[in-house]
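The chain contents come next:
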Amino acid sequence: MLPSNIQWFFPSKSSEAIRLIRKKGFILHAGGTKILEPEPRGSVKALVDISGLGLDYIRAAGSTVRIGAGSTFADIVEFCRTKEKLILLRDCLSHAASNPLRNRITVGGSLNAFPMWSNLYAPLLALDASVEIVGARSGIYPLEQYADSNIIGSKHLIKEVRVAETKGVITAARTFRILRFEYPIFTIAAALGIKKQTVRSARIFVTGVRRKFARLVSVEKMLVNNSLTDELIVKACDRASMEFVQDYRFSPAYKERIARLYLSEILREIGGAGK
Amino acid sequence: MSKYVNTSVEKVDGLALVTGEEYYTNDFTFDGMLHISVLHSPYPYAVIEEIDDSGAKAMEGVVEVLSFKNVREILYTTAGQGYPEPSPYDTVLFGKVMRFVGDNVCAVAAETKEIADLALKKIKVRYKQLKPLLDFEASEGSPTIVHDKDGSFPKIPVFHDPAKNIAAKVEADIGQFDNALEHSEHRLDHTFYVPYASHCAMEPHGAVSYLDRRGRLVISSTTQVPFHVRRIVSAVAEIPVSKIRVIKPRIGGGFGGKQEVLLEPIVALVTWRTKRPAKLVYSRKEVFVSTRTRHQYRTRFRAGFNRDGSIEALHLDALENSGAYGSHALTVLANAGSKTLPLLNKIPNLRFTGKGVYTNLPVGGAYRGYGATESYFGYGQVIDMICEETHNDIVEYYKKWSIKSGETSPIFRALGEGKEGVAMNVTSTSLNECLDLGARLSGWYEKRKQHAHSAASDERFRRGIGMAALMQGSAIPEIDMASAYMKMNDDGSFNLLVGATDLGTGSDTVLAQIASEVLDTPVEKIIVTSSDTDHTPFDKGAYASSTTYLSGHAVKKCAEEIKRQILVVGADILELPVGELEIEDGRVVKKNPGRNEEVPAVSLAEICQSSLYQKRQAQIQATASHVSPKSPPPFAAHFVEVEVDTATGVIKLLNYVATVDCGTPINPTLAEGQAQGAIVNGISYALFEDYHFSPQGILLNDTFGKYGMLTACDIPPITVKLVASYEESGPFGAKSVSEININGALPAIANAFHHATGKRLFRAPFTPEYVLSVLEGKKERRSPR
Amino acid sequence: MRAEFTVNGAKRLLDVNPNETLLQVLRNGGFTEVKSGCQEGECGACLVLLEGKPVNSCQVLAMSVGEKRITTVKGIGSLHAPHILQKTFARMGADQCGFCSPGMVVAAYSLLKKNPKPTREEIASALDGNLCRCTGYVKIVDAVARAAEELAKEGGEPHV
């Protein structure tokens, strides 16, 4: 619950927003879905709304797609409808939360706050997205580094996410969710660079694990420089270890088992497309 | 030929609902209204040693704090049932002993909801924690006694032994069970579990109250039982009945969850003491935890049967987790037997034993299906097992062995609601037609063959088809009463005043249709006013599948008396004998006129004007009450085809067919809607819904997102067909339809799963992880989560 | 404090606290057709259109709305001039308790604006943020499909 005397600011420039959020108790407001989660927020003094910063753009610039942090999931799904290279993002986001929530959840908020509904991290990590931030530690960071560091939570503003379209990269993802409208239990996304039926590069990520996300490095290693045979896929998936946690419904062992199954399906799908 | 019944007229409140015009409890606000928040116990079992509310009271805007310090601890039951209630008096509004996480500690009334919420945080409570009892199977005789010498007592002479944690006990014994079991050719013995569930009515529970201009207390609330609310608020808040008016506005779904008097006494006390309007609306979390739930159940079935499939002996032993209080504990338990065991009425030796036990967990209550859902899970599978073992087709089996018109079951007499039941014959059933039609629509025989080898295959995805036959009741016989009042207006329209409570089921419309049919007058001319204790006559409320059958009958009687009066006036005007007259299309006309005769006729408007202003002046008006001597069961057959993913344990429903005998469907569209809604609720209870508690008794999945609600995207193709029968004791042949169809999904899906995989599911919900453990033959934990 | 909101085409001065959601402000302002079922963005009873897009009004802080157009179910059609969707909902039994109906109508209206000839799957998908416990959704999907047909026959755009 936010205090009733909270202040609102509507800056029109990023620099102004940055100046404001340096103050104690000042936080950014984009879509608001995270801020409205039922948690005590008595220490929040002001909300700095970023809707005036013009960050709700998505544009393709050369081989890079730039997604402004204020873009909503619905905006991205709409944009990706015809973009073959971003099909992974579309697949993950088009079923995240619900229609009305996808109209509010923003990329920036989702990357910064990891809300339960979000299903953004795994596909973006697999796509090797980078994040441009301003404010504390301005710069462009690979998303993997951004997510893994303690930049999250510090006083900064995500300006945009960049996804480069790389030739020869094939992607696939699966989300484990029993019902249409429930929190994703986990998501696995993979992007493999395949040339002449040989895996040249691999990025495989899973979210819904103990530490926000995990990169399946050992699986990637087994795949790179090899051809995606059924035998290799089985071996690689057996090797995949993911630190799932017990939740109120599922044991870690069950989740890992399903994750391995999904991983094998993803790899077969990519293998099939790579032929 | 009926004109207004068995016709899908639009709901009388339909357009007002879908345009957002109608008011629900939370839509009422009054000048100077106080907002109430309730502090709930964070511990499953604790004694409050001290409440320090000085911090809250010192806050600006806090007006009143209610707790045991200033509210007398009066024992009552929150169950909104006929008086004296069959549920034990074991609850107080604000007690010193907290019996579950979510129990009421105290309530704060403040100028705004925000202040009330903040004030809760300023209340310091010192608890002495006690060792909680969280496993209902360990409850009976546990050293932890949930109601330890608290004075709780049954209001009627029934078994109640709080020292042993027994909230309720029900038994019936017909024939010689033990002997028959021993001499049967085959025997089986299986135990089944169903979990807690929340009703998940979209509208949360709420109540708002104010004093009218003469100082009487007016309460609007989300209730299924306005008259029981008036009586119980009077008792608990110590306000005379004559000073209380209860109004049910539109309510956003009930399903039994609002057959409970929880919030009304709190707003009543605040308004009565402060003289100011007051509102309390629960959050969704509070609805999940602190209102009422479906009882968790363990059912054990022991059966002895012969090679031909005939059952010699059947014993259903039910253990019900009543939770912290015994609301509906006895009656849900009795219905667990009385709504299942008569279905196959030719079993000569029947035993039912049931206990409801206290635990330090959320409180059970009425929930659509009311014990039957809990029992049909095992019952429907046991019949499937017997059919499998004796090579009977289950559809043919039900056709042969189920109760027929003109037949009875000794259970009807043996199991009542807090007293002996009522012996009755079934006089209407189309169950066999339902079975045939359902088999045809679901492709039963083809699919049984087609999937016959699924269980033995090593395919990842395996398909199967299963079914279950069902019955329920229609009203509680010789206990519950409904009444109606009608009067006629100048233009030939009528006011119909009923205590009956439309929860969204469309009962206002159905009752208007019944009056329309009697008076051969369009539904638009029947102005329905319902559920206002000042203005409408008594009705027990909306529960026990009774509104159409029972309240509808009262309306029919009432309309018939109105008709009689109309015909008398008509006879006077037309100068013809009453016996030669009939009402037709809003006019009184001569029956069977001669071929070339000009039909003598007088409009209803003229009749009313004459009686109001001209001759033999009197208001055409009538009232009628109805109590049913029986509870005719509706019947249904449910067929489900499933696909089991043996790699993940996910059960996907491919098709769901339900054929339903509700007698005459007064409004077929609304009856279908009742069935479809109940089916989807049944599916989600079978597959997803559950209460997950921490070891401290805290509910972990108390939001829709975590609880597992189906959306429009998650439902299989569902076909509902109504197969009418004609029930002589019901209005225009009607029985009931609201509850029965929630009972089918559990057994039908489990049977389909068995057809697909050869394995049995003994525990709901059928979560993927549990299903996988069953497929792989893992030994399961004894005690439920 | 009071702030100006554009609701159903009219400018309205409504009481607003800076920590309140759009749901609270609308309901306190008399727009009780916007229902509150969970306040967690999970039930969809509070759906309104914000600049033509459905949002959970409980998940929108009112102060962030600014000049954006808000449409409630009454802005789509009223008792005296109901929208075809509302007529088909009422006629076909898609409304039981009616508590989810305003949100359902808002979501369905938004769908038909974008996609006048939706399949049943597309209808279900568009309603993925709207829970209903009464109907089992069957008649709701039926009613949206019928409304789409009738709108197509009229050759008309939804009239708002």
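Fair warning: this is a prediction, and the values are worked out from it, not measured in the lab.

Caption draft 1: Expanded view of the overall build of chain B. Per the secondary structure count, chain B includes 20 helices and 26 strands. The C-alpha radius of gyration computed for chain B amounts to 27 Å, which stays within 12% of the reference 28 Å derived for 785 residues, consistent with globular compactness. Dimensions of chain B, computed from the C-alpha atoms along their principal axes, are close to 85 × 75 × 50 Å. Within chain B, the fraction of its 785 residues that count as buried is 68%. Put simply, of all contacts in chain B between residues at least 6 apart along the chain, 80% involve residues at least 24 apart. Accessible area of chain B: about 25,700 Å², with a carbon and sulfur share of 50%. Across chain B, 84 positive and 93 negative side-chain charges occur, with their mean positions spaced 3 Å apart.

Caption draft 2: Structural view of the overall build of chain C. Summing up its helical and strand segments, chain C has six helices and five strands in all. Listing every helix and strand of chain C by position from the N terminus yields β-β-α-β-β-β-α-α-α-α-α. Its C-alpha atoms give chain C a radius of gyration of 15 Å, within 12% of the compact-globule value 15 Å for 160 residues. Along the first, second and third principal axes, the C-alpha atoms of chain C reach 45 × 30 × 25 Å. Looking at chain C as a whole, 68% of its 160 residues qualify as buried. Sequence-distant contacts, at least 24 apart, represent 55% of the contacts inside chain C between residues at least 6 apart. Taken as a whole, chain C presents about 5,500 Å² of accessible surface, with 49% of it coming from carbon and sulfur.

Caption draft 3: Region of the structure containing the confidence of the model for chain C. The predicted model of chain C averages 96 in pLDDT, with 97% of residues at 70 or higher. Two summary scores accompany this predicted model of the complex, namely pTM at 0.97 and ipTM at 0.97.

Caption draft 4: Up close: the interface of chain B and chain C. Taken together, the 52 residues of chain B in the interface contact 47 residues of chain C. The contact between chain B and chain C buries some 3,900 Å² in all, and 60% of this surface belongs to carbon and sulfur atoms. If you sort the residues of chain B by the area they bury against chain C, Val18, Thr19 and Met202 of chain B come out on top, with a joint share of 17%. Here Lys285 of chain B ties to Glu40 of chain C by a salt bridge, and the two come within 3.6 Å at their closest N and O atoms. Between the two partners, chain B and chain C, sit 22 residue pairs in polar contact (both at pLDDT 80 or more). Only helix H1 (14-18), helix H7 (284-290), helix H17 (668-687) and helix H18 (704-707) of chain B provide two or more residues apiece to the side of chain B that touches chain C. In terms of residue class, the side of chain B that touches chain C is built from 22 nonpolar, 19 polar and eleven charged.

Caption draft 5: Representation of the environment of Ile48 of chain B within the structure. Residues and elements named next belong to chain B. For Ile48, the location among the structural elements is in strand E2 (residues 46-52). For Ile48, a relative accessible area of 3% corresponds to the buried category. The sequence separation of Ile48 and Met98 amounts to 50 residues, and the corresponding C-alpha distance is 7.3 Å. Residues in contact with Ile48, not counting those within four places in the same chain, are Phe68, Gly95, Lys96, Met98, Val105, Val125, Arg126 and Tyr127.

Caption draft 6: Examining the packing of helix H3 (residues 84-91) of chain C against helix H6 (residues 138-154) of chain C more closely. Residue and element names in this part refer to chain C. Contact geometry of H3 with H6 gives a least axis separation of 8 Å together with a crossing angle of 135 degrees. Considering their axes alone, H3 and H6 lie oblique with respect to each other. Remark: the crossing between H3 and H6 carries right-handed chirality. Taking contact as the criterion, the partners of Ile84, Leu85, Thr88, Phe89 and Arg91 in H3 are, on H6, Ile140, Ala143, Val144, Arg146, Ala147, Glu150, Leu151 and Glu154. Counted by class, the contact of H3 with H6 contains eight nonpolar, one polar and four charged residues.

Caption draft 7: Molecular detail of the side chain of His205 of chain B. Residues and elements named next belong to chain B. Mapping His205 onto the fold places it in the loop between strand E8 (186-194) and strand E9 (206-211). We classify His205 as buried; its relative accessible area is 8%. The contact partners of His205, leaving out residues within four places of it in the chain, are Thr222, Gly257, Lys258, Leu263, Leu280, Val281, Tyr282, Val287 and Thr291.

Caption draft 8: Looking closely at the packing of aromatic side chains. Residues and elements named next belong to chain B. According to the stated counting rule, one finds 32 aromatic pairs over all chains in the structure shown. Between Tyr196 and Tyr691, the aromatic rings sit 5.3 Å apart at their centres with planes inclined by 10 degrees, giving stacked as the arrangement. Placement of the pair is Tyr196 in the loop between E8 and E9 and Tyr691 in the loop between H17 and H18, with a sequence separation of 495 residues. Across the pair, Tyr691 and Tyr196 agree in class, each one buried. When the ring of Phe288 is compared with that of Phe704, the centres are 6.0 Å apart and the planes differ by 70 degrees; the resulting orientation is edge-to-face.

Caption draft 9: A look at the sheet that holds strand E26 (residues 718-722) of chain B. Residue and element names in this part refer to chain B. The mixed open sheet is built from four strands, whose spatial order is E16-E24-E25-E26. With one partner strand each, in any of the chains shown, strand E16 (461-471) and E26 form the two edges of the open sheet. Each strand of the sheet is rotated relative to its neighbour by a mean of 10 degrees, with strand direction disregarded. Where H17 meets the sheet, its contacts fall on strand E24 (635-645), strand E25 (651-661) and E26, and the angle it forms with E26 comes to roughly 135 degrees. Strands in contact with helix H19 (residues 745-757) are E16, E24 and E25; relative to E16, the strand with the most contacts, it is inclined by about 145 degrees.

Caption draft 10: Summary view of the interface of chain A and chain B. In this assembly, 21 residues from chain A lie in contact with 25 residues from chain B. With both sides pooled, the region where chain A packs onto chain B buries about 2,000 Å², and carbon together with sulfur makes up 64% of that total. Interface area lost by chain A to chain B is led by Leu179, Tyr248 and Arg257 of chain A, which between them contribute 32%. At the junction of chain A and chain B, the tally comes to two salt bridges.

Caption draft 11: Fine view of the pairing of strand E2 (residues 10-15) of chain C. Residue and element names in this part refer to chain C. Pairing between strand E1 (residues 2-7) and E2: six bridges, direction antiparallel. Looking across to E2, one finds that Glu4 is bridged to Leu13. If you look at the hairpin formed by E1 and E2, you'll find two residues sitting between the two strands, and Asn8 has a positive phi there, around 50 degrees.

Caption draft 12: Region of interest: the packing of helix H5 (residues 226-237) of chain B against helix H6 (residues 264-274) of chain B. Residue and element names in this part refer to chain B. Put simply, H5 and H6 touch, their axes get as near as 9 Å, and they point 55 degrees apart. Judged by the inter-axis angle, H5 sits oblique to H6. In this structure, H5 meets H6 at a crossing whose hand is right-handed. For the pair H5 and H6, the contacting residues are Val229, Val233, Val236 and Ala237 in the first and Glu264, Pro265, Ala268 and Leu269 in the second.

Caption draft 13: Structural detail: the nonpolar core. Counting 214 residues, the largest nonpolar core has Leu192, Ile204 and Leu223 of chain A, Ile651, Ile749 and Phe766 of chain B together with Phe89 of chain C as the members making the most contacts within it. Other than its neighbours up to four places away in sequence, Leu192 of chain A contacts Gly168, Val169, Ile170, Val199, Ser201, Ala202, Arg203, Ile204, Leu223, Leu228, Leu267 and Ile270 of chain A. Ala500, Ala554, Val569 and Ala624 of chain B belong to the second largest nonpolar core, which has 45 residues in total.

Caption draft 14: Here's a closer look at the sheet that holds strand E22 (residues 601-603) of chain B. Residues and elements named next belong to chain B. The strand order across the open sheet built from three strands is E20-E21-E22, with neighbouring strands paired in antiparallel fashion. The two strands at the open ends of the sheet, each matched to only one other strand, are strand E20 (581-584) and E22. For this sheet, the mean inter-axis angle between neighbouring strands, taken without regard to orientation, is 25 degrees. Note that E20 and strand E21 (residues 587-590) share four bridges and pair antiparallel. Within E21, the residue paired with Leu581 across the bridge is Lys590. Contacting E20, E21 and E22, helix H16 (residues 604-614) crosses the sheet at an angle of about 70 degrees to E22.

Caption draft 15: How the structure looks around helix H3 (residues 113-121) of chain B. All names here are of chain B. Looking only at H3, the buried set comprises Ile115, Ala116, Ala119 and Leu120. All buried residues of H3 fall inside an arc of 145 degrees around its axis, so they share one side. Those residues of H3 that are buried are in contact with strand E1 (34-40), helix H2 (54-57), strand E3 (62-66) and strand E5 (104-110).

Caption draft 16: Region of interest: the pattern of salt bridges. All names here are of chain B. Applying the stated criterion to the full structure yields 80 salt bridges over all chains. Residue Arg231 is joined to Glu85 by a salt bridge in which the shortest nitrogen-to-oxygen separation is 2.8 Å. One end of the pair, Arg231, is in helix H5; the other, Glu85, is in the loop between E3 and strand E4 (97-98), and 146 residues separate them in sequence. Residue classification places Glu85 among the buried residues on the basis of a relative accessible area of 2%.

Caption draft 17: Highlighting the side chain of Glu286 of chain B. All names here are of chain B. With respect to the helices, strands and loops of the structure, Glu286 is situated in helix H7. Lys113 provides the closest opposite charge to the buried, unpaired Glu286, separated from it by 5.4 Å. Once you skip the residues sitting within four places of it in the chain, Glu286 turns out to touch Val38, His40, Val281 and Thr291.

Cut-offs used in this document
- Residues numbered from 1 in each chain as written.
- Chains lettered and ligands numbered in written order.
- Predicted model: local features only at pLDDT ≥ 70, side-chain atom pairs only at ≥ 80, totals over all residues.
- Heavy atoms only, no water.
- Helix = DSSP H or I, 4+ residues; strand = E, 2+ residues; numbered from the N terminus.
- Rg over C-alpha atoms; globule rule 2.2 N^0.38 Å.
- Buried < 20%, exposed > 50% of the residue type's maximum accessible area, 1.4 Å probe, protein only.
- Contact = heavy atoms within 4.5 Å.
- Areas by Shrake-Rupley, 256 points an atom, 1.4 Å probe, with all protein chains shown as cover.
- Lys, Arg positive; Asp, Glu negative; His and termini not counted.
- Charge placed at Lys NZ, Arg CZ, Asp CG, Glu CD.
- pLDDT = per-residue confidence, 0-100.
- Buried area = accessible area lost by both parts, 1.4 Å probe.
- Salt bridge = Lys/Arg side-chain N within 4 Å of Asp/Glu carboxyl O.
- Polar contact = N/O pair within 3.5 Å; in protein donor to acceptor, adjacent residues only side chain to side chain.
- Nonpolar A, V, L, I, M, F, W, Y, C, P; charged D, E, K, R; others polar.
- Axes fitted to C-alpha atoms, helices over the stretch in contact; angles between N-to-C directions.
- Parallel < 35°, antiparallel > 145°, perpendicular 65-115°, else oblique.
- Left-handed = near helix turned anticlockwise from the far one by under 90°.
- Phe/Tyr/Trp six-rings, centres within 6.5 Å; stacked < 30°, edge-to-face > 60°.
- Pairing = 2+ DSSP bridges.
- Core = buried A, V, L, I, M, F, W, Y, C linked by side-chain atoms within 4.5 Å.
- Arc of directions from axis to C-beta.

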